[in-house]
Amino acid sequence: MSTTSEQIGWADKPLEKMTGEPDDRDTSVETFAMGEAVGVYARDKLCIAPESCANVDFVEAQEESDAPFSAARWDGIFGLALSSSSQPTEFNAIQQLYKQRAIQSPMFALYLGPRMTDQAEITLGGWKSSHAVGTPLWVPLSSTNYWQFTLQEVLVGNVSVPICNNSCQAVIDTGSSLLMGPQKVGDAIKSLLHSHASDCSTTSLAALPNIGFRVNGTLLELRPNDYMDTSADTCLFAWTSSLDQPDFQGTTPVLVLGMPFLRHWYTIFDFDSSGPRIGFALARQSDEGNHV
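Residues numbered from 1 in each chain as written. Predicted model: local features only at pLDDT ≥ 70, side-chain atom pairs only at ≥ 80, totals over all residues. Heavy atoms only, no water.

A. Summary view of the pattern of salt bridges. Scanning all chains against the criterion turns up 6 salt bridges. In this structure, R214 engages E153 in a salt bridge whose closest nitrogen and oxygen atoms are separated by 2.8 Å. Separated by 61 residues along the polypeptide, R214 in strand 13 (residues 211-215) and E153 in strand 9 (residues 153-156) bring together distant segments of the chain. One salt bridge connects D226 with R223, and the closest N-O pair in it is separated by 3.1 Å. (Salt bridge = Lys/Arg side-chain N within 4 Å of Asp/Glu carboxyl O. Helix = DSSP H or I, 4+ residues; strand = E, 2+ residues; numbered from the N terminus.)

B. The state of the cysteines, seen in detail. One pass over the structure, following the stated rule, counts 3 disulfides. Bonded cysteines in the chain are paired 1-2, 3-4, 5-6 when counted in the order they occur along the chain. (Disulfide = S-S within 2.5 Å.)

C. Looking closely at the sheet that holds strand 11 (residues 168-172). The strand order 8-11-18-12-17 describes an open sheet built from 5 strands, whose pairing is mixed. The outermost strands of the open sheet, each flanked by one partner alone, are strand 8 (148-151) and strand 17 (239-242). Taken over all neighbouring pairs, the strand axes of this sheet differ in orientation by 25° on average, direction set aside. Relative to strand 18 (residues 254-257), strand 11 runs parallel, the two sharing 4 bridges. Bridging from a neighbouring strand, V171 pairs with V256 of strand 18. Sitting on the sheet, helix 3 (residues 183-194) is in contact with strand 12 (179-182), strand 17 and strand 18, with an inclination near 145° to strand 17. (Pairing = 2+ DSSP bridges. Axes fitted to C-alpha atoms, helices over the stretch in contact; angles between N-to-C directions. Contact = heavy atoms within 4.5 Å.)

D. Here's a closer look at the sheet that holds strand 14 (residues 218-222). With antiparallel pairing, 4 strands are arranged side by side in an open sheet as 10-9-13-14. This sheet does not close on itself; its edge strands, each paired only once, are strand 10 (159-160) and strand 14. In this sheet, strand 14 lies alongside strand 13 in antiparallel orientation, the contact comprising 5 bridges. Its bridge partner lying in strand 14, V215 is registered against T218. Relative to the sheet, helix 3 contacts strand 9, strand 10 and strand 13, its axis offset from that of strand 9 by approximately 25°.

E. Geometry of the side chain of R43. Relative to the elements of secondary structure, R43 occurs in strand 3 (residues 35-49). The class for R43 is buried, based on a relative accessible area of 13%. A polar atom in the side chain of R43 sits 2.4 Å from the side chain of D57. Ignoring anything within four residues of it in the chain, the contact list for R43 reads T4, S5, E6, I8, P14, L15, N55, V56, D57, F58, E90 and Q100. (Buried < 20%, exposed > 50% of the residue type's maximum accessible area, 1.4 Å probe, protein only. Polar contact = N/O pair within 3.5 Å; in protein donor to acceptor, adjacent residues only side chain to side chain.)

F. Region of the structure containing helix 3. In this model helix 3 runs 16 Å from its N-terminal to its C-terminal C-alpha over 12 residues, within 8% of the 16 Å that 1.5 Å per residue would give. The complete set of buried residues in helix 3 reads V185, G186, I189 and L193. Considered in projection along helix 3, the buried side chains sweep an arc of 95° and stay on one side of the axis. Counted as exposed and oriented over 90 degrees from the buried face of helix 3: K184 and H194. (Expected span 1.5 Å × (residues − 1). Arc of directions from axis to C-beta.)

G. Layout of the confidence of the model for the chain. On average, residues of the chain carry a pLDDT of 89, and 93% of them reach 70 or more. The secondary-structure element of the chain with the lowest mean pLDDT is strand 17, recorded at 87, while strand 19 (residues 265-270) shows the highest, at 98. (pLDDT = per-residue confidence, 0-100.)

Listed below in structure tokens is the structure:
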């Protein structure tokens, strides 16, 4: 903790410094990557540049599960979700940075290179046209609990996967290394892929089609090298099926679009109070697999 930090006693009083007994206060249990951390509330100055700072509330971890925290090389989790209706905005870093005039706009954008070894960048307070090919497609959120939007259709090549019928949902998740969704969706996609490629040979892989996600009438496609993980002797589809519906799923099929999607599509997350939205533009990548 820094010398500017303050202990906060109660989640519903995020601006009040804690008084009284140390044990007489709220605690929070935060889940992350199949693990959890238990902590108390604190408030401190968050600076993203020497003159760009804001006071933000956060959870100060006191107990952590072994997985994934014991092997983690990072020091904390910087949550970038929209605030829920039950959570004060003082806990939302982007909204507080904007409210306190540390950034120009209430948004951030994520650029990932095509490979793990490539440079990546997060832009706070705006987005960079230098990372995008063309104008972003802006999509309204269908739920403000997540970066979630309506997915009209999933296609493998020019064949529609018989699952959505304009009723699927998709969630953009910067913490997911794969694509994810209900098993019936994954099985349907894999079946169509197998009809093009029966093994991991170069010839079979070259015959694989694009996978497309139709959003607001626009098709956002992934190429085979975006959704396939290949090596000298194996090839894997970058998909994991969710056996149990996550909280956001309900009865409607929900797909989680993780890093395979984010590497191909430069993504902008806009917290605008008049209507949160998400923007997609083809990522401007390096010469290998270049989109330019």
